[in-house]
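Residue-level listing of the chains:
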Amino acid sequence: MFNCAFSASKRTRAGICVPSAAPLLVALCADDDLVPAYERRMLNLSSCKIPRLASDESVLLAELAARGTQLALMTEASHGAARAVCARRGISPHILSDGEAEIKGSAHGAPVSRRARAARRAERLALLCCEKGVPLSRIAVVAVSPLDCAALMEAGWGIALWSAGYEACHAADVVFPARAEGGLRRALELILAA
């Protein structure tokens, strides 16, 4: 399923909505519960979710970085865990970590809602863009989970995978299958072709 929210900053190529200028920053989430135990031991990690990048995804991200596109990794993992995984794959994105304290709950013990965590993730992305001088209209967000929906809605180019949920898929400019079906790879290929 592909859809396009038409605006002056986007054009359609083969029925797929693409921005008229290549994005300056690409943000995505690569968290995965299924990181193999041997890889956890090698990286000395114990968190339940850490970023996992397949080799083809890493190659595409490296191509984007070689073009001068900044990368941002939105993750539930700690900065250290995310950096370790990215370093093994040869990429060095900006890490936008939700932080362990935020995931478990506030200082008062009350759990932080998913909607609040999603809003904070979008806020961290907006702050990074401000810090780097990148207008929100020149970023592409690949929404992989429902936590990415708020960030996707702030982006100039929103790409969602089915796993991001109904709200993100409805708001996205382009929708791809789930990551397990090659959706993230296809999304990165589309961004490279822009």
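Residues numbered from 1 in each chain as written. Predicted model: local features only at pLDDT ≥ 70, side-chain atom pairs only at ≥ 80, totals over all residues. Heavy atoms only, no water.

Draft legend 1. Quick look at the sheet that holds strand β9 (residues 157-161). The 6 strands lie next to each other as β7-β6-β3-β8-β9-β10, forming an open sheet whose pairing is parallel. Looking at the sheet topology across the chains shown, the edges are occupied by β7 (94-97) and β10 (174-176). Within the sheet, the average angular offset between the axes of one strand and its neighbour, ignoring direction, is 20°. Two elements, strand β6 (residues 70-75) and β7, share 4 bridges in a ladder whose sense is parallel. (Pairing = 2+ DSSP bridges. Helix = DSSP H or I, 4+ residues; strand = E, 2+ residues; numbered from the N terminus. Axes fitted to C-alpha atoms, helices over the stretch in contact; angles between N-to-C directions.)

Draft legend 2. Structural detail: helix α3 (residues 79-89). Within α3, burial applies to Ala81, Ala82, Val85 and Cys86. One side of α3 carries all its buried residues, which in axial view fall inside an arc of 125°. Turned more than 90 degrees away from the buried face of α3, the exposed residues are Gly80 and Ala87. Gly90 sits one or two residues past α3 and shows a positive phi near 80°. (Buried < 20%, exposed > 50% of the residue type's maximum accessible area, 1.4 Å probe, protein only. Arc of directions from axis to C-beta.)

Draft legend 3. Summary view of helix α5 (residues 114-132). For α5, spanning 19 residues, the distance from its first C-alpha to its last is 27 Å, which sits close to the expected 27 Å at 1.5 Å a residue. Three or more residues of α5 are buried, namely Arg117, Ala118, Arg121, Ala122, Leu125, Leu128 and Cys129. Along the axis of α5, the buried positions cluster into a sector of 140°, meaning they face one direction only. Opposite the buried face of α5, at more than 90 degrees from it, the exposed residues are Arg115, Glu123, Leu127, Cys130 and Glu131. Positive backbone phi, approximately 75°, marks Gly133, located one or two places after α5. (Expected span 1.5 Å × (residues − 1).)

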